[in-house]
Amino acid sequence: MVPVDELIMRDRNIHPPAFTPSYKTTVLRSPRLALWSLQNSLSEITAPLFGHEEIGPLDNDLIRNYSQGGGEPIGERIIVHGHVRDENGRPVSGTLLEFWQCNAGGRYRHVNDRYIAPLDPNFGGCGRTLTNDEGYYYFRTIKPGPYPWRNYTNSWRPAHIHFSVFGTSFGQRLITQMYFEGDPLIWRDPITLTIPDENAIKRLIAPLDLNAAVPLDTLAYQFDVVLRGRHATPFEN
Amino acid sequence: MVQELRYLKESPSQTAGPYVHIGTMPHEAGFEVYEKTFGNVLAGPETEGERIRIEGIVYDGVGSPLRDALIEIWQANAAGRYNHPADRQEKPLDRAFRGWGRSGSDRQTGLYFFDTIKPGRVMGRHGRPMAPHVNFWIVARGINIGLNTRMYFSDEAEANAADPVLNLIEQASRRETLIARREDRGGEVVYRFDIRLQGEGETVFFDI
């Protein structure tokens, strides 16, 4: 059987290659042999599905989901919202999105993060949600800060939020990062610059979306995600 | 000028970074936030099939274990059917088996593991059945785009020899990188599946 939902081949020219020496950690973690290209079988076009009962009511509210005794995290209050679509422009509905980030000072709540900036007692830094029927999602958080990292001696990450997206096929699985409009660190960041295509980088930069802000309360940024599309082959081989 | 094709472009991948556990398994980052978390136990008491553990270490190019990776697996049930509507094979679904799990690598040893069941054979393209296999996806700091591979089973030599995907791999010696070794450990069945990102014995990774 040839699956009817075959994915469009991934365009590797818009993705970072495995070996990008200016992001030094890739040097020892990049396969050197060519990937074997596989035509899709059921193994690639299927994927886990998640239900609303698995997601808690505060999972998409990073301002409140780690609150200790009603306190709130320090930082710029923002909403991040957008659509998940496939390359055919169709909404990807009911798909699980997970996000994680550092706090406003640039510190992650993680046993391995030893940056001098303090932890925020009211900020965990993770959230998740399912897209609705239109592929729309939103969550509330505080804007993450930039932080230094050990690559070159003076390397700094631009403010960013990590996104994990499932889609409905294992071949659509994607992890990426969202950046913020106007951040001067974006074009100096060895990790962002692993992406060889400038237009592809721009698709990871979320514009300020004043129309979606809550007046006197919370700013908003729009971030759309595009997953691989599917063949619309009128003839099956 | 020609008409414009109306396709969007896929969002580019970025590394999962060193703190991927915060977003995917916060308990492994050192804190609790969700009521329901996702983990490495795929088989419940009701699940059909032979109980197995899959374990291994992901190694970098100098043979050091990755201790900050995230590994996800996706597999068919014991009858060889995926729990997904695109799988229309006439085989039973198992309501007690989603077929997906994730594991961090241990922060000291780098060991990852899954408690699951052995999958059945799934029909491949053109009516050629595939050998039982588990689909892997690996992300970590220093991995710019998630790596896809498959794990096959050492006790399925006949099915492996006929598998359409293993047979795509030109060098027979490289097929061995995808075959997990079965061990019986005091009644527990363990398949050992080490993954080498680079260098001697580099695992076969797929562009799926």
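Residues numbered from 1 in each chain as written. Chains lettered and ligands numbered in written order. Predicted model: local features only at pLDDT ≥ 70, side-chain atom pairs only at ≥ 80, totals over all residues. Heavy atoms only, no water.

K.L.:
Mind laying out the overall build of chain A, listing which residues take part and the relevant values?
P.N.:
Assigned secondary structure in chain A consists of 3 helices and 12 strands. Its C-alpha radius of gyration of 19 Å places chain A within 12% of the 18 Å reference for a compact globule of 237 residues. Along the first, second and third principal axes, the C-alpha set of chain A runs to 60 × 40 × 30 Å. Carbon and sulfur atoms provide 55% of the accessible area of chain A, an area that totals close to 10,200 Å². Charged side chains in chain A number 23 positive and 26 negative. The centres of these two groups are separated by 9 Å. (Helix = DSSP H or I, 4+ residues; strand = E, 2+ residues; numbered from the N terminus. Rg over C-alpha atoms; globule rule 2.2 N^0.38 Å. Areas by Shrake-Rupley, 256 points an atom, 1.4 Å probe, with all protein chains shown as cover. Lys, Arg positive; Asp, Glu negative; His and termini not counted. Charge placed at Lys NZ, Arg CZ, Asp CG, Glu CD.)

K.L.:
Report on the environment of N167 of chain B, specifying residues and quantitative values.
P.N.:
All names here are of chain B. Within the element layout of this structure, N167 appears in the loop between α3 (157-161) and α4 (172-175). Using a relative accessible area of 34% as the deciding quantity, one classes N167 as partly exposed. A distance of 3.0 Å separates a polar atom in the side chain of N167 from the backbone oxygen of A161. (Buried < 20%, exposed > 50% of the residue type's maximum accessible area, 1.4 Å probe, protein only. Polar contact = N/O pair within 3.5 Å; in protein donor to acceptor, adjacent residues only side chain to side chain.)

K.L.:
Would you mind going over the packing of aromatic side chains in detail, with residue names and values included?
P.N.:
Counted under the stated rule, the structure contains 23 aromatic pairs over all chains. Aromatic pair Y137 of chain A and F163 of chain A: ring centres 6.1 Å apart, planes at 75°, arrangement edge-to-face. Placement of Y137 of chain A in strand β5 (residues 136-142) and of F163 of chain A in strand β8 (residues 160-165) is noted, with a sequence separation of 26 residues between them. Seen from their ring centres, F180 of chain A and Y221 of chain A are 4.9 Å apart, and the 90° between their planes marks the pair as edge-to-face. In this pair, F180 of chain A sits in strand β9 (residues 174-180) while Y221 of chain A sits in strand β11 (residues 219-222), placing the two residues 41 residues apart along the sequence. A network of ring pairs unites the aromatic residues F99, Y137, F139, F163 and F223 of chain A as a single cluster. If you follow R173 of chain A out to its NZ or CZ, it ends over the ring of F166 of chain A, 3.7 Å from the centre. Taking NZ or CZ as reference, K118 of chain B lies 5.4 Å from the ring centre of F153 of chain B, over its face. (Phe/Tyr/Trp six-rings, centres within 6.5 Å; stacked < 30°, edge-to-face > 60°. Lys NZ or Arg CZ within 6 Å of the ring centre and 35° of its normal.)

K.L.:
Can you tell me about the interface of chain A and chain B, naming the residues and giving the values?
P.N.:
Frequently, the measure chosen for interface size is the accessible area removed from exposure when the parts meet. Residue-level contacts link 90 residues of chain A with 82 residues of chain B. Between chain A and chain B the total buried area reaches about 7,800 Å² when both faces are included, carbon and sulfur atoms providing 58% of it. Ranking the residues of chain A by area buried against chain B places R29, W36 and F170 of chain A at the top, with a combined share of 12%. Applying the counting criterion to the chain A and chain B interface returns 8 salt bridges. In this structure, R29 of chain A and D68 of chain B form a salt bridge, with 3.0 Å as the shortest nitrogen-oxygen distance. Linking chain A with chain B are 48 residue pairs in polar contact (both at pLDDT 80 or more), by the criterion used here. For the side of chain A that touches chain B, the elements supplying multiple residues, two or more each, are α1 (26-29), β1 (36-37), α2 (42-45), β2 (77-86), β3 (96-100), β4 (126-130), β9 and β12 (225-227) of chain A. Of the residues that constitute the side of chain A that touches chain B, the class distribution is 43 nonpolar, 26 polar and 21 charged. Here β1 of chain A runs beside strand β10 (residues 206-207) of chain B; their pairing, made up of 2 bridges, is parallel. Bridged to W36 of chain A within β10 of chain B is F206 of chain B. (Contact = heavy atoms within 4.5 Å. Buried area = accessible area lost by both parts, 1.4 Å probe. Salt bridge = Lys/Arg side-chain N within 4 Å of Asp/Glu carboxyl O. Nonpolar A, V, L, I, M, F, W, Y, C, P; charged D, E, K, R; others polar. Pairing = 2+ DSSP bridges.)

K.L.:
Can you lay out the nonpolar core for me, pointing to particular residues and giving the numbers?
P.N.:
Of all hydrophobic cores here, the largest spans 81 residues; its most connected members are V80, F163, M178 and F223 of chain A. When residues of this core are assigned to their parent elements, the largest contribution, 5 residues, is made by β9 of chain A. Those residues within four positions of F223 of chain A in sequence are excluded, and the remaining contacts are V80, H81, G82, H83, Y137, F163, Q177, M178, R203, L204 and A206 of chain A. The next biggest cluster of nonpolar side chains, apart from the first, holds 28 residues, and it includes L42, L66, L147 and V189 of chain B. (Core = buried A, V, L, I, M, F, W, Y, C linked by side-chain atoms within 4.5 Å.)

K.L.:
Please provide a residue-by-residue account of the confidence of the model for chain B, values included.
P.N.:
Residues at a pLDDT of 70 or more form 100% of chain B, whose mean pLDDT is 97. Listed scores for the predicted complex are pTM 0.97 and ipTM 0.96. (pLDDT = per-residue confidence, 0-100.)

K.L.:
Please give an account of the environment of Y152 of chain A that cites residues and values.
P.N.:
Residues and elements named next belong to chain A. Locating Y152 in the fold gives a position in the loop between β6 (147-149) and β7 (155-157). Separated by 128 residues in the primary sequence, Y152 and K24 have C-alpha atoms spaced 8.6 Å apart. Filtering out sequence-adjacent residues up to four positions away, Y152 remains in contact with S22, K24 and P190.

K.L.:
Which residues make up the pairing of strand β7 (residues 179-185) of chain B, and what values do they have?
P.N.:
Regular strands show a simple pattern: their side chains alternate between the two faces of the sheet. Residues and elements named next belong to chain B. Sheet topology places strand β6 (residues 147-153) next to β7; 2 bridges connect them, and they run parallel. Residue pairing for β7: F153 is matched across the bridge by A180. Examined bridge by bridge, β7 and strand β8 (residues 188-192) share 5 bridges and lie antiparallel to one another. Across the sheet, residue R185 finds its bridge partner in β8, namely E188. Where β7 folds back onto β8 in an antiparallel hairpin, the turn is made up of 2 residues, including G186, whose phi is positive at roughly 55°.

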